[in-house]
Amino acid sequence: MGLFSNKISRDELKAGDHIYSWRGYIYSHHGIYVGDGKVIHFTRRGGLEIGTGTYLDTIIQVSVPRHGGDNPCPNCGDQSALDGVISSCLDCFLAGGNLYLFQYDVSKALLVAKQRGGTCTTASSDPPEEVVHRAKYLLSSNGFGEYHLLDNNCEDFAIYCKTGLLVFSVTKSGSSSQVNSVCAAGGLASLALRYLGVGGRTAASLAAVSPASVVSAAASAVSTVSAAASAVSTTLGFVTTGFAGMALAGYSKYCIGRVAYDVGVRKDVRKVPVEELSTLMAVLDGNLLDNNNKDDKNK
């Protein structure tokens, strides 16, 4: 494992590791290894992967566990219809892909040097036993809310288990560095997915549980980043000309964005005990708010 690859062997695995496997070049599936050949991960059942209600849901199925040999898997059975937090054997989790270890507590320089998002963070990991406890607790309660490709995905789940950190923001998606890389690059893919109907949490539901100070800090952080990125872009525009100058300006904005959106740098994150997470997620998904409104109407 090094600068260009986080690939590891199965013999190197330890309980509490955040692991992932690439599904093609663009997207990777993440989970927490808990020992005995088992991985706890967050998924959405086949055919509903990105939640558009269109044929795209059947094409993009990155989080659904698949066994490379016997079908269904003799250990896990058929898990293609399962939703939420599930436990799979390592083979089903990898779905024929290679095994990679997500890195924590990396420098900002290394974060930027990594070619793809979804491989590392500047945030520090909690002790392995605490990581495994969070993963198993969320497995037993299925308490990580509804799967959203942009706002609440498998990488968000794994990062929470490792750090206990949740993003509270009405201006930005979750802690997933894959999604954050898209936003850092300009957000075109993110906007396209949202236009197609990819589900996400609403600003209203987030604001309902976010203290004003948290939302203010989030907006301030984002505006500061935008100002810095614009300054770099403008300065380079004056100094350089032509395609090379535009490319350099764009890459500078991308690097600034990747660092600023990282969960270890952001100011709109809070440590949330796993025992309180189920209720919080219900509020974020609007379920608790809907139930309270129904109760009020019935009174």
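Worth saying up front: this structure is predicted, and the values here are computed from it rather than measured. (Residues numbered from 1 in each chain as written. Predicted model: local features only at pLDDT ≥ 70, side-chain atom pairs only at ≥ 80, totals over all residues. Heavy atoms only, no water.)

Caption draft 1: Quick peek at the sheet that holds strand β5 (residues 100–101). Sheet architecture is open: 5 strands sit in the order β4-β3-β2-β1-β5, paired in antiparallel fashion. The outermost strands of the open sheet, each flanked by one partner alone, are β4 (84–89) and β5. One ladder, built from 6 bridges, connects strand β3 (residues 38–43) with β4; its direction is antiparallel. Counted as the bridge partner of H41 is I86 from β4. Strands in contact with helix α4 (residues 128–141) are β2 (27–35), β3 and β4; relative to β2, the strand with the most contacts, it is inclined by about 105°. Helix-sheet contacts for helix α5 (residues 154–163) involve β1 (18–23), β2, β3 and β4, and the interaxial angle to β2 is about 35°. (Pairing = 2+ DSSP bridges. Helix = DSSP H or I, 4+ residues; strand = E, 2+ residues; numbered from the N terminus. Contact = heavy atoms within 4.5 Å. Axes fitted to C-alpha atoms, helices over the stretch in contact; angles between N-to-C directions.)

Caption draft 2: Here's a closer look at the packing of aromatic side chains. Taken as a whole, this structure holds 9 aromatic pairs when the rule is applied. Ring centres 6.1 Å apart and planes at 40° place the aromatic pair F144 and Y160 in the tilted group. Taken as a pair, F144 in the loop between α4 and α5 and Y160 in helix α5 lie far apart in primary sequence, 16 residues in all. Exposure class is identical for F144 and Y160. Each is buried. Among the aromatic residues, ring-to-ring pairing joins Y20, W22, Y100, F102 and Y104 into one connected group. (Phe/Tyr/Trp six-rings, centres within 6.5 Å; stacked < 30°, edge-to-face > 60°. Buried < 20%, exposed > 50% of the residue type's maximum accessible area, 1.4 Å probe, protein only.)

Caption draft 3: Here's a closer look at the nonpolar core. Judged by nonpolar contacts, the single largest core of 25 residues is most densely connected at I32, L138, F144, F157, Y160, L166 and L277. Examining the composition of this core, we find that 5 residues originate from one element, α5, more than from any other. Those residues in contact with L138 that lie beyond four places of it in its chain are V85, G143, F144, F157, Y160, C161, V274 and L277. Listed in part, the 11 residues of the second largest apolar core include Y20, I159, V167 and V263. (Core = buried A, V, L, I, M, F, W, Y, C linked by side-chain atoms within 4.5 Å.)

Caption draft 4: Inspection of the confidence of the model for the protein chain at higher detail. Mean pLDDT for the protein chain: 73, with 55% of residues reaching 70 or above. Summarising per-element confidence for the protein chain, the mean pLDDT is lowest in helix α8 (residues 203–209) (41) and highest in α4 (97). Within the model, pLDDT remains below 50 along residues 187–191, and this stretch shows 4 contacts once partners closer than five positions in the same chain are excluded. With pLDDT under 50 throughout, residues 202–240 is counted as low confidence; its partners more than four residues away or in other chains account for 38 contacts. (pLDDT = per-residue confidence, 0-100.)

Caption draft 5: Representation of the environment of A135 in the model. Residue placement: A135 occurs in helix α4. The buried category is assigned to A135, whose relative accessible area is 0%. Residues A135 and C161 lie 26 residues apart in sequence; the distance between their C-alpha atoms is 5.8 Å. Residue contacts for A135: discarding those within four places in its chain leaves I32, V34, I40, F157 and C161.

Caption draft 6: Representation of the environment of I19 in the model. Structurally, I19 can be placed in strand β1. Linking I19 and H30, residues 11 residues apart in sequence, is a C-alpha distance of 5.8 Å. When neighbours within four sequence positions are excluded, I19 is seen to be in contact with L13, H29, H30, G31, Y33, V39, L90, F93, L99, Y100 and L101.

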